[in-house]
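Residues per chain, in single letters:
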Amino acid sequence: MKILGIESSADETAAAVVENGTQVLSSIVASQMDIHTKYGGMVPEVAARSHLEVMLPVIQEALDEAKTTLDEIDGIAVTYGPGLVGSLLIGSLTARTLARLTDKPLYAINHVEAHVYANFLREPEPQFPLLALIVSGGHTQLALFQDHGDYQLLGQTRDDAAGEAFDKVARIIGLPYPGGPSVSQAAKAGDELAFTFPKPQLGKNSLDFSFSGLKTAVLRTAQAEVGGNFRTKSYEIPALLSQKQRNDIAASFQKTVVDILVGRVLQAYQEYKPASVVISGGVAANTTLQEALQERLPSPIHYAPIKYYTDNAAMIASLGYFKTQSGQKTDPLKLKVDPILSM
Ligand code: KG4
Ligand code: ZN
């Protein structure tokens, strides 16, 4: 069974064809990174316009690369939230129109839930019960899946998402957007013990996360490093930091985030004893995080190919397939987007 997946919730326009939920026949991702890098972050109106321009060519390319046609597709899966409303609308309206025109079933996909399905795109499939850490620019969630579609949220961030913290820290110390890759690159040359940043105290049994205090601690440290007082404006900091200071802050910050994330996964692992542990979302591409989990978890962690951790449509199509198995299709005339959809 072939599912066409469509994704446009943030700054990637993506389409993919996946067979039986696990076999990727094509996965096309048109990134707007270059456009947004100019502004140091994502600009919603620019994102929506760009989705509109490339959506149809990206879908056509996904069909061509999969050596298939819309006629041969068995269903269409599309992200309906969470995300930027203008961006979500482009993908969902396209999918609704295609579903109506071709009379194919339409499946409405929660983007955060779909991130977990990056891990079904490689053999062997992860086993249930499955503990999932989803860490991206917009979300930080820990969830326990008993089966497809049957999950419980164990914890989530109370403020910034993990990827957002990387992006904000990059900005503070003068590294390019997106912050994850640039901070982890700088961290390679830095001393992770140079600075000690605080970890949030959220109560003994809490599986929640918090990153805004850490971001503020990084700002205060950077200010102290460049001038010894807290009056230095944040936009003045990058030019005043030395390469070594920048690398050391990046490494110490990354170590703290990794410690926080690994700590929560271990805590949940001990409590729920899952059959497998998976990670996903852009921050899951971080190799320091992967190594720390591998080292500290009692059982091996199930990894997806790195390209499926960041936003893509193969994970959307995969979840779409599993929805076909439980018959959860959506009326194309009724599908609405939900920018603040939660898990
Ligand atoms: O999943 P994703 O592509 O989009 C969202 O749904 O948010 O995640 C993007 C986020 C960005 O915040 C980016 O800085 C972060 O993932 N990221 C990383 C790495 N690569 C991307 N964070 C840490 N280390 C990385 N290697
Ligand atoms: Zn995402």
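Each remark here, short or long, concerns the structure printed above.
Since the model is a prediction, treat every value here as computed from it, not as a measurement. (Residues numbered from 1 in each chain as written. Chains lettered and ligands numbered in written order. Predicted model: local features only at pLDDT ≥ 70, side-chain atom pairs only at ≥ 80, totals over all residues. Heavy atoms only, no water.)

Colleague: What's the story with the packing of helix α2 (residues 44-65) against helix α3 (residues 85-102) in this structure? I'm lost.
Modeller: The description of two packed helices rests on the angle between their axes and on the distance between the axes. It is at 8 Å that the axes of α2 and α3 come closest, and there the two elements cross at 30°. With respect to α3, the element α2 is oriented roughly parallel. In terms of crossing hand, the pair formed by α2 and α3 is right-handed. Across the interface between the two elements, Ala47, Ala48, His51, Leu52, Met55, Leu56 and Ile59 from α2 touch Gly86, Ser87, Ile90, Gly91, Thr94 and Leu98 from α3. (Axes fitted to C-alpha atoms, helices over the stretch in contact; angles between N-to-C directions. Helix = DSSP H or I, 4+ residues; strand = E, 2+ residues; numbered from the N terminus. Parallel < 35°, antiparallel > 145°, perpendicular 65-115°, else oblique. Left-handed = near helix turned anticlockwise from the far one by under 90°. Contact = heavy atoms within 4.5 Å.)

Colleague: For this particular structure, what's the right way to read the sheet that holds strand β8 (residues 150-156)?
Modeller: Adjacent strands of a sheet pair through backbone hydrogen bonds, lying either parallel or antiparallel. The strand order across the open sheet formed by four strands is β8-β7-β6-β9, and the pairing between neighbours is mixed. Strand pairing shows two members of the sheet lacking a second neighbour, β8 and β9 (276-280), which therefore form its edges. Within the sheet, the average angular offset between the axes of one strand and its neighbour, ignoring direction, is 20°. With five bridges joining them, strand β6 (residues 130-135) and β9 adopt parallel strand pairing. If you follow Ile134 over to β9, its bridge partner there is Ser280. (Pairing = 2+ DSSP bridges.)

Colleague: For this particular structure, what's the right way to read helix α11 (residues 314-325)?
Modeller: Because an α-helix completes one turn every 3.6 residues, residues spaced three or four positions apart along the sequence face the same direction. A rise of 1.5 Å per residue sets the reference length of α11, with its twelve residues, at 16 Å; its end C-alpha atoms lie 17 Å apart and thus fit the reference within 8%. Counting buried residues along α11, eleven of its twelve residues qualify, which places the element largely inside the surrounding structure. If you check which residues of α11 are buried, you get Ala314, Met315, Ile316, Ala317, Ser318, Leu319, Gly320, Tyr321, Phe322, Lys323 and Thr324. Phi turns positive one or two residues past the end of α11, at Gly327, with a value near 65°. (Expected span 1.5 Å × (residues − 1). Buried < 20%, exposed > 50% of the residue type's maximum accessible area, 1.4 Å probe, protein only.)

Colleague: Looking at this structure, how should I read the sheet that holds strand β4 (residues 75-81)?
Modeller: Here we have five strands laid out as an open sheet, ordered β3-β2-β1-β4-β5, and mixed in their pairing. One side of each edge strand has no neighbouring strand; the edge strands of this open sheet are β3 (23-31) and β5 (106-110). Strand-to-strand, the axes of this sheet are offset by a mean angle of 20°, without reference to chain direction. Of the strand pairs in this sheet, strand β1 (residues 2-7) and strand β2 (residues 12-19) are connected by six bridges, and their pairing is antiparallel. Opposite Leu4, over in β2, you have Val17 as the bridge partner.

Colleague: What is the right way to look at the coordination of the zinc ion (ligand 2) in this model?
Modeller: The expected angle between donors at a tetrahedral four-coordinate metal is 109.5 degrees. At an octahedral six-coordinate metal it is 90 or 180 degrees. At 2.0 to 2.1 Å from the zinc ion (ligand 2) lie its protein donor atoms, namely His111 (NE2), His115 (NE2) and Asp311 (OD). Considering all four donor atoms around the zinc ion (ligand 2), angles at the metal cover 94 to 143° and the coordination shape is irregular. In the primary sequence, the donor residues of the zinc ion (ligand 2) line up as H-x3-H-x195-D. Here His111 and its partner His115 are both found in helix α4 (residues 111-116), four residues apart, which amounts to about one turn of the helix. The pair His111 / His115 is uniform in exposure class, with both members buried. (Donors = N, O, S within 2.8 Å, 3.2 Å for Na, K, Ca; no water. Tetrahedral: all angles 85-135°; square planar, octahedral: opposite > 155°, others 65-115°.)

Colleague: When you look at the packing of aromatic side chains in this model, what are you seeing that I'm missing?
Modeller: The geometry of an aromatic ring pair is captured by two quantities: the separation of the ring centres and the angle between the planes. The full count for this structure, using the stated rule, is nine aromatic pairs. Plain terms: the ring middles of Phe166 and Phe253 are 5.1 Å apart, the flat faces sit at 80° to each other, and that makes the pair edge-to-face. One end of the pair, Phe166, is in helix α5 (residues 162-173); the other, Phe253, is in helix α9 (residues 243-272), and 87 residues separate them in sequence. Each member of the pair, Phe166 together with Phe253, is buried. Note on Phe195 and Phe197: the rings are 6.2 Å apart at their centroids and 20° apart in plane angle, and the pair reads as stacked. Per residue, the accessibility class of Phe195 equals that of Phe197, and both read buried. Through a chain of ring-to-ring contacts, three or more aromatic side chains come together here, namely Tyr117, Phe120, Phe128, Tyr321 and Phe322. (Phe/Tyr/Trp six-rings, centres within 6.5 Å; stacked < 30°, edge-to-face > 60°.)

Colleague: Explanation requested: the environment of Val29 in the structure shown.
Modeller: Residue placement: Val29 occurs in strand β3. Relative accessible area serves as the criterion here: at 39%, Val29 is assigned to the partly exposed category. Considered as a pair, Val29 and Ser8 are 21 residues apart in the sequence and their alpha carbons are 9.9 Å apart. The contacts of Val29, once residues within four sequence positions are left out, are Glu12, Thr13, Ala14, Asp311 and Asn312.

Colleague: Sorry if this is basic, but what is going on with the site of ligand 1 here?
Modeller: Close to ligand 1 lie 22 residues, the nearest being Gly137, Asp167, Gly180, Gly282 and Asn286. In the model, an oxygen atom of ligand 1 is placed 3.4 Å from a nitrogen or oxygen of the His111 side chain. Contact between ligand 1 and Gly180: an oxygen atom at 2.8 Å from a main-chain N or O atom of the residue. About the coverage of ligand 1: the protein hides 88% of its 550 Å² of free accessible area. Put simply, the parts of the chain that give the shell around ligand 1 at least two residues each are α4, α5 and α6 (179-188). The element that contributes the greatest number of residues to the shell around ligand 1 is α6, accounting for four residues. (Near = heavy atom within 4 Å. Polar contact = N/O pair within 3.5 Å; in protein donor to acceptor, adjacent residues only side chain to side chain. Areas by Shrake-Rupley, 256 points an atom, 1.4 Å probe, with all protein chains shown as cover.)

So far we have only geometry, and geometry alone does not tell us how the molecule works.
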